[in-house]
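Report on the structure
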Amino acid sequence: MLTWGWMKMLKVENLVVSYGGIEALKGISLEVPKGEIVTLIGANGAGKSTLLRSIVGLVKPQSGKITYEGEDITGRNSQQIVKKGLTLVPEGRRIFPNLTVLENLQIGAYMRTDKDGIEKDIKRMYELFPRLEERSWQMAGTLSGGEQQMLAVGRALLSRPQLLMMDEPSLGLAPLIIKDIFSIMQEINQQGMTILLIEQNANMALKVAHRAYVLETGKITMSGTGAELLENPEIKAAYLGKKKK
Amino acid sequence: MEYFDAIANMSALSFAQHMVNGISLGSLYALIAIGYTMVYGILLMINFAHGDIVMMACYFAFFGITAFHIPWYFTFIITIILTAILGVLIERSAYRPLREAPKNSILISAIGASFLLENLANYLFSGRPMRFPDVPLLSQNISIGGIEIQAICLVIPVVTILSLVVLLHIVNHTKTGMAMRAVSKDYEIARVMGINIDNIISITFIIGSALAAIGAIMYGIRYPGITPMMGVMPGLKCFIAAVIGGIGNIKGAVLGGFILGLGEILIVAFFPDLSGYRDAFAFIVLIVILFYKPTGLLGEKTTEKV
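Residues numbered from 1 in each chain as written. Chains lettered and ligands numbered in written order. Predicted model: local features only at pLDDT ≥ 70, side-chain atom pairs only at ≥ 80, totals over all residues.

**Details of the overall build of chain B**
- Secondary structure summary: chain B contains twelve helices and four strands in total.
- Taking 306 residues into account, the globule formula puts the C-alpha radius of gyration at 19 Å, and chain B, at 20 Å, falls close to it.
- Here the C-alpha coordinates of chain B stretch approximately 60 × 50 × 35 Å along the principal axes.
- A total of 306 residues make up chain B; the buried ones form 45% of that total. (Helix = DSSP H or I, 4+ residues; strand = E, 2+ residues; numbered from the N terminus. Rg over C-alpha atoms; globule rule 2.2 N^0.38 Å. Buried ≥ 20, exposed ≤ 12 C-beta atoms within 10 Å, placed from the backbone.)

Now the structure itself:
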């Protein structure tokens, strides 16, 4: 098996995170290789969002190590971390409702100084999501859920990340829109973006993922390729709503 | 009926006089109220020391002119800079260490900062009222069309509007302003966008304090008696102005400032008997407006996320 360090874009080792004495993550390890879609599935409260929050520096881990492109980023502040090329599409989208659609995209490029490049990228986003262009001057808070999710993805992409982390992009969206979001995700991945996807919708996530981990109450209980887990009888029973044969 | 009699008995001239007074007082309230509303917008806290920042600005200007004999226009610029620094110092020492603490702690700290400034001023400058120096041109009375007004009364609204235009430009059309608006809605995600929250908060305090200094200088020229406690009542009223306008909303703060300033002057003008209740007016307006519109006149409905 190939586990050379340089191939792993992101590496999490024995990460422990606790909130007020309660351990949300009990020593988890995972790896995200360059160019792949890696998914982490698990039920509500399993600690999925906590993992992403600690990777981007919003939560300080108790112990363990997070390495990005060979560099230890454990416990750094968010500003330093996102500067390295990680970005987060947060759970519940959390676009800035009091900013226009255009401003939400611009703020995604907050750390960039190449004005022409930013403008080009905004144009690209508008090609990717034509709905957003129509609503360019609208306050983002007035968008529908699906449009807000597109905006959140666009905003994240505007920082020109190398690693895109998505937290429950399907949450609260209609099936048709979920499909759209997932196909866009695959498209971006084919253009070379590494994606760490966190999902409750295990079926969708496992279908697009190259590699998958299952998180249960703070521990990784299973891992494998997306296809492997899709076929796994325990996964089928617990996450895909199909009976064990 | 009394109300109509009062209006009937008032000549057009004296009404104009009162309007000028009211507008200039309202402008001053507006300038100071902006500081409350901006800090609230970003930190969700009431900066109780803001009124005392106004007081300190008056003393800076007073000593610049009387003790150091710096020309008044230089003094005013230095005053604005010093006051902005003072605002940032208060934020760094009293509020920043409590960033992660419960909201009540930071509120108590703000009250502490307020008391500290008042007592420090009392100790350093003595409690004896001092007279804000006369400024050439601005302090003089001029008569226009039969009404006698102090020149500063004409300058105050103009300076206020200019300040507001510049402020709204910064907030709505610059990268920093965009970051300020983002931080005011979502701290964490703003951080993930790479925004340095501490810098944005400092900038907010710089702007709020600079506007307070501009207001303080004009206040000093208009109402020249300065004391260590002079910031308390205007501070309170401007806080109320920010609340009735819808706290967190800059235009609301300006609207609230004008309502209180104009209202206060006109009440006294129409009902001289009630002049003793002049300060109570602000509180009555507050109660009435919050009764009908709990989020203030221009405030948005907020749903607190649990």
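Still more to cover.
**Things to note about the overall build of chain A**
- The helix and strand tally for chain A stands at ten helices and ten strands.
- Its C-alpha atoms give chain A a radius of gyration of 18 Å, within 12% of the compact-globule value 18 Å for 245 residues.
- Each of the three principal axes of chain A carries a C-alpha extent, and together these read 50 × 40 × 40 Å.
- Per-residue burial for chain A yields a buried fraction of 44% across its 245 residues.

**Looking at the interface of chain A and chain B**
- Between chain A and chain B, the contact holds 19 residues from the first and 14 residues from the second.
- Looking at the side of chain A that touches chain B, the elements with two or more residues in it are α2 (78-83) and α3 (101-108) of chain A.
- Grouping the constituent residues of the side of chain A that touches chain B by class yields eleven nonpolar, five polar and three charged. (Contact = placed C-beta atoms within 7 Å. Nonpolar A, V, L, I, M, F, W, Y, C, P; charged D, E, K, R; others polar.)

**Some words on the confidence of the model for chain B**
Residues and elements named next belong to chain B.
- Of all residues in chain B, 95% attain a pLDDT of 70 or more, and the chain-wide mean is 92.
- Within chain B, the element-level pLDDT minimum falls on helix α1 (residues 2-9), averaging 60, and the maximum on helix α4 (residues 72-95), averaging 97.
- For this predicted complex, the interface score ipTM comes out at 0.89, while the overall pTM is 0.90. (pLDDT = per-residue confidence, 0-100.)

**Overview of the packing of helix α3 (residues 50-66) of chain B against helix α9 (residues 197-222) of chain B**
All names here are of chain B.
- Contact geometry of α3 with α9 gives a least axis separation of 8 Å together with a crossing angle of 60°. Put simply, α3 runs oblique to α9. Our pair here, α3 against α9, has a crossing hand that is right-handed. Between α3, through His50, Ile53, Val54, Ala57, Cys58 and Ala61, and α9, the contact on the second element is made entirely by Ser209, Ala212, Ala213, Gly215, Ala216, Ile217, Tyr219 and Gly220.
- A class-by-class count of the residues in the contact of α3 with α9 yields ten nonpolar, four polar and no charged. (Axes fitted to C-alpha atoms, helices over the stretch in contact; angles between N-to-C directions. Parallel < 35°, antiparallel > 145°, perpendicular 65-115°, else oblique. Left-handed = near helix turned anticlockwise from the far one by under 90°.)

**Observations regarding the sheet that holds strand β1 (residues 8-19) of chain A**
Residues and elements named next belong to chain A.
- Strand order in the open sheet formed by four strands is β2-β1-β4-β5, and the pairing between neighbours is antiparallel. With partners counted over all chains shown, the strands left at the sheet margins are β2 (22-33) and β5 (71-72), one partner each.
- As paired elements, strand β4 (residues 63-68) and β5 share two bridges and run antiparallel to each other. Paired with Thr67 across the bridge in β5 is Asp72.
- Relative to the sheet, helix α1 (residues 48-55) contacts β1, β2 and β4, its axis offset from that of β2 by approximately 70°. (Pairing = 2+ DSSP bridges.)

**Re the environment of Gly252 of chain B**
All names here are of chain B.
- By secondary structure assignment, the location of Gly252 is in helix α11 (residues 250-270).
- Each C-alpha atom, one on Gly252 and one on Ala213, is 20 Å from the other, the two residues being 39 residues apart in sequence.
- Not counting the four nearest positions on each side in its chain, Gly252 is found in contact with Thr37, Gly245, Gly246, Gly296, Leu297, Leu298 and Gly299.

**Considering the sheet that holds strand β10 (residues 219-225) of chain A**
Residue and element names in this part refer to chain A.
- One open sheet accounts for six strands, arranged β6-β7-β8-β3-β9-β10; its pairing is mixed. For this open sheet the edge positions go to β6 (86-89) and β10, each flanked by a neighbour on one side alone. Neighbour-to-neighbour, the strand axes of this sheet turn through a mean angle of 15°, independent of strand direction.
- As judged from the four bridges shared by β6 and strand β7 (residues 163-167), these two strands associate in the parallel manner.

**Let's talk about the environment of Ser54 of chain A**
Residues and elements named next belong to chain A.
- Among the structural elements, Ser54 can be located in helix α1.
- Ser54 sits in the buried class, given 24 other C-beta atoms within 10 Å.
- Considered as a pair, Ser54 and Arg76 are 22 residues apart in the sequence and their alpha carbons are 9.6 Å apart.

**Thoughts on α9 of chain B**
- Its 26 residues place the ends of α9 of chain B 37 Å apart at the C-alpha level, agreeing with the 38 Å of an ideal helix rising 1.5 Å per residue.
- Burial of α9 of chain B is extensive: 19 of the 26 residues sit out of reach of the surface. (Expected span 1.5 Å × (residues − 1).)

**A few points about the nonpolar core**
- With 165 residues, the main nonpolar core has Met165 of chain A together with Ala33, Ile34, Ala57, Cys58 and Ala182 of chain B as its most contacted residues.
- For this core, the leading source of residues is helix α2 (residues 12-43) of chain B, giving 15 residues. (Core = buried A, V, L, I, M, F, W, Y, C linked by C-beta atoms within 7 Å.)

**Notes on unusual backbone geometry**
- Despite not being glycine, Glu168 of chain A shows a phi value in the positive range, around 50°.
- Mapped onto the fold, Glu168 of chain A is located in the loop between β7 and α7 (175-190).
- A positive phi angle, near 70°, is found at Ser126 of chain B, a position not held by glycine.
- Mapped onto the elements, Ser126 of chain B comes out in the loop between α5 (103-125) and β1 (130-131).

**As for the environment of Ser170 of chain A**
All names here are of chain A.
- Within the secondary structure, Ser170 is located in the loop between β7 and α7.
- You can call Ser170 buried: it has 20 C-beta atoms within 10 Å.
- Separated by 18 residues in sequence, Ser170 and Ile188 place their C-alpha atoms 17 Å apart.
- Once residues lying within four places of it in the same chain are set aside, the contact partners of Ser170 are Ile178, Ile181, Glu199, Asn201 and Met204.

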